[in-house]
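# Architecture at a glance
In case you want the letters, here they are:
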Amino acid sequence: MTDNSPAHSHTSSEISARAVARPLVPVLWLVLMASPVAAANNATVLILDDIGTALDTTAATASWLATVFALVLAVATPLQAALMRHRGRRTVLFTSATLVAVGTLIVLFSPWLPLAVAGRATQAAGGAGLNVLAIALAGSARRIGAISAGMGLFGAVSPLIGTQLADVLSWRVALSMLAITLIAVPVVSRRAAPGAAGTDRFDTWGALLVAVLSGSVVLVASNPLPALAATTVSIIWLIIHTRRRPDGYVPVTTIRSVGFQTATGLTLALSAGYFTLLFVIPQLLIARAHWTKDAAATGQLVAMVLASLATLGFTSIAARFSRKNVRIALVAAGTVAVLAAVLASAPLLLLAGIFLALFAATSANATQVIVATAAVPEQQKPTAIGLFTLLYLLGGAIGPALASATVL
């Protein structure tokens, strides 16, 4: 029998009022919350020599500030997604903001490289949560595309801003750009619904195995044999573990989905290509075209801004094309980008390489997440998004490692 009592009607009206009172968070605030992660990731591109000199080490050793940031950003992303599933959005928001603030203070005042690396890791863990939360609050492919384009723009300007901050103030200030994200936290806190917290038990072993696997993959470029051994062992244990806990940290139904496998594999490859060329192209402009560091930074900035705008335009119309045609366009762009870096000496062609690499990676991040989660059960979609984003960001950790092994 239907309950038409006044109490029931009053409760329903209160729920409706709360729903109306919490519209979607304006996308510009989500962009501001997520995009500084890209700036923090890319800020080291042109100042590794300066950091190495300041800390009495080499540029290759200083590149750990980039590699560890990107690795922790990748590994912490599904962890933050799991935290949001278990504790709700507000916990992720405030925990992540605290991590960003603490990590930034460590970077600003650390006298030693290992402690600075720890600060960067703390920053990255917080940035991952704010990034995951922004995607969760986006609500549509177009708004995700805007966030992805914003990350491209922030990532584009950060190498040049990083060099200027390092020259005028300090490299420590350049590595503190992630703190910009804290501006959006109060607004998002007021506008975002808290979200429901889950009651299922957290899969600690699954999370640990994913972290070990991610780290070992990143280390393949610098320490091939031990890293490959660790990768193999962690994959075997992860397979065994997922059979024991098919609905755990890595749901079997998700990773067995052909759509998920194809979308994540493509995105990982394009992401690794972009983040490698992000560090390589400036060095090639200096070595092959005899550009100065500032000229290389400015040229790359222009190319990356244009690529971010191209991403914004492409993702807004990508739904009109078939999945196959979208993927063909992304693969073509990524392939030409790598060929330009390998073969070209002309500055325009090298800049075209970073343009195409960024366009391919960010467009894949925005379009393929929809494909990756399309066949996944509704209750596992947040987990699938977290794992997809992990693989995209893992490219950001592989890239500096590859660049360090090749040109740094």
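An unreviewed UniProt entry annotates the chain as Tetracycline resistance protein originating from Streptomyces coeruleorubidus. Quoted verbatim from the Sequence similarities (unreviewed entry) heading of the UniProt record, the comment on the chain is "Belongs to the major facilitator superfamily. TCR/Tet family." As recorded by UniProt, the Subcellular location (unreviewed entry) comment attached to the chain reads in full: "Cell membrane".

### Quick word on the overall build of the chain
Counting its secondary structure elements, the chain contains 19 helices and 0 strands. Scored against the burial criterion, the 408 residues of the chain give a buried share of 52%. For the chain, restricting intrachain contacts to residue pairs at least 6 apart in sequence, the fraction spanning at least 24 positions comes to 83%. Of the roughly 17400 Å² of accessible surface on the chain, 70% is carried by carbon and sulfur atoms.

### Here we look at the layout of surface pockets
Over the atoms rolls a probe the size of a water molecule, and its path tells where empty space is left. Each pocket or cavity is described by its volume, and for the largest pocket that value is around 600 Å³. Lining the largest pocket are 22 residues, and of these Leu-213, Leu-238, Val-250, Ile-255 and Leu-391 sit closest to its centre. Considered class by class, the residues forming the lining of the largest pocket number 15 nonpolar, 5 polar and 2 charged.

### Points about the nonpolar core
By size, the foremost hydrophobic cluster in this structure holds 120 residues, and its most contacted members are Met-33, Ile-147 and Tyr-274. Once you skip the residues sitting within four places of it in the chain, Ile-147 turns out to touch Leu-30, Val-31, Ala-34, Ser-35, Ala-134, Ile-135 and Ala-138.

### Focus on the confidence of the model for the chain
In this model, the chain carries a mean pLDDT of 80, and residues with pLDDT of at least 70 account for 87%. Contacts for the low-pLDDT stretch residues 1-21, under 50 throughout, to residues beyond four places or in other chains number 2 contacts.

### Quick notes on the environment of Asp-49
Take Asp-49: it is sitting in helix α4 (residues 48-54). Note on Asp-49: relative accessible area 49%, which makes it partly exposed. Note: C-alpha distance between Asp-49 and Thr-61 (12 residues apart in sequence) is 9.8 Å.

### A look at helix α6 (residues 64-87)
If you check α6, its first and last C-alpha atoms are 32 Å apart, about what 24 residues at 1.5 Å a residue would give, namely 34 Å. The axis of α6 is deflected most strongly, by about 30°, at Ala-76, and proline Pro-78 appears within four residues downstream. The element α6 is largely enclosed, with a buried count of 18 among its 24 residues. Among the residues trailing α6, Gly-88 stands out with phi positive, at a value near 95°.

### A word on unusual backbone geometry
For His-290, which is not glycine, the phi dihedral falls at a positive 60°. Tracing the backbone through its elements, the reader meets His-290 in the loop between α15 (258-288) and α16 (293-317). Classification of His-290 as exposed rests on a relative accessible area of 66%.

### Let's talk about the packing of aromatic side chains
A full pass over the atoms with the stated rule returns 3 aromatic pairs. Taking 5.3 Å as the distance between ring centres and 70° as the angle between the ring planes, the aromatic pair formed by Phe-314 and Phe-359 counts as edge-to-face. Residue Phe-314 is located in helix α16, and its partner Phe-359 is located in helix α18 (residues 347-374); the two are separated by 45 residues in the primary sequence. Of the residues examined, Phe-314 reaches a relative accessible area of 14% and is grouped as buried.

### Details of the packing of α15 against helix α17 (residues 323-343)
One way to put it is that α15 packs onto α17 with a least axis distance of 9 Å and a crossing angle of 25°. By the angle between their axes, α15 is roughly parallel relative to α17. Pair α15 / α17 crosses with left-handed handedness. Along its contact with α15, which presents Gly-259, Thr-262, Ala-263, Leu-266, Leu-270, Leu-277, Ile-281, Leu-284 and Arg-288, the element α17 presents Arg-327, Leu-330, Val-331, Gly-334, Ala-337, Val-338, Ala-340, Ala-341, Val-342 and Leu-343. Residue composition of the contact of α15 with α17, by class: 14 nonpolar, 3 polar and 2 charged.

### Examining a nonpolar patch on the surface
Together, Val-233, Ile-236, Trp-237 and Ile-240 make up an exposed nonpolar region whose accessible area comes to about 370 Å². Structurally, Val-233 is set in helix α13 (residues 224-244). A relative accessible area of 46% places Val-233 in the partly exposed class.

### Some words on the environment of Val-157
Positionally, Val-157 belongs in helix α9 (residues 141-168). Separated by 118 residues in the primary sequence, Val-157 and Ala-39 place their C-alpha atoms 7.5 Å from one another. Apart from residues lying up to four places away in sequence, Val-157 is in contact with Leu-301 and Val-305.

About the criteria used
Residues numbered from 1 in each chain as written. Predicted model: local features only at pLDDT ≥ 70, side-chain atom pairs only at ≥ 80, totals over all residues. Heavy atoms only, no water. UniProt positions renumbered as here; feature names shortened; annotations may be inferred. Helix = DSSP H or I, 4+ residues; strand = E, 2+ residues; numbered from the N terminus. Buried < 20%, exposed > 50% of the residue type's maximum accessible area, 1.4 Å probe, protein only. Contact = heavy atoms within 4.5 Å. Areas by Shrake-Rupley, 256 points an atom, 1.4 Å probe, with all protein chains shown as cover. 1 Å grid on protein atoms, 1.4 Å probe; cavity = no way out; pocket = protein on both sides within 12 Å on 5 of 7 lines; lining within 4 Å. Points joined across faces, edges and corners; volume = space filled by probe spheres on them. Nonpolar A, V, L, I, M, F, W, Y, C, P; charged D, E, K, R; others polar. Core = buried A, V, L, I, M, F, W, Y, C linked by side-chain atoms within 4.5 Å. pLDDT = per-residue confidence, 0-100. Expected span 1.5 Å × (residues − 1). Bend = angle between axes of the 7 residues up to and from the residue. Phe/Tyr/Trp six-rings, centres within 6.5 Å; stacked < 30°, edge-to-face > 60°. Axes fitted to C-alpha atoms, helices over the stretch in contact; angles between N-to-C directions. Parallel < 35°, antiparallel > 145°, perpendicular 65-115°, else oblique. Left-handed = near helix turned anticlockwise from the far one by under 90°. Patch = residues over 30% accessible without salt bridge, like charges linked within 9 Å, V, L, I, M, F, W, Y side chains within 5 Å. Salt bridge = Lys/Arg side-chain N within 4 Å of Asp/Glu carboxyl O.

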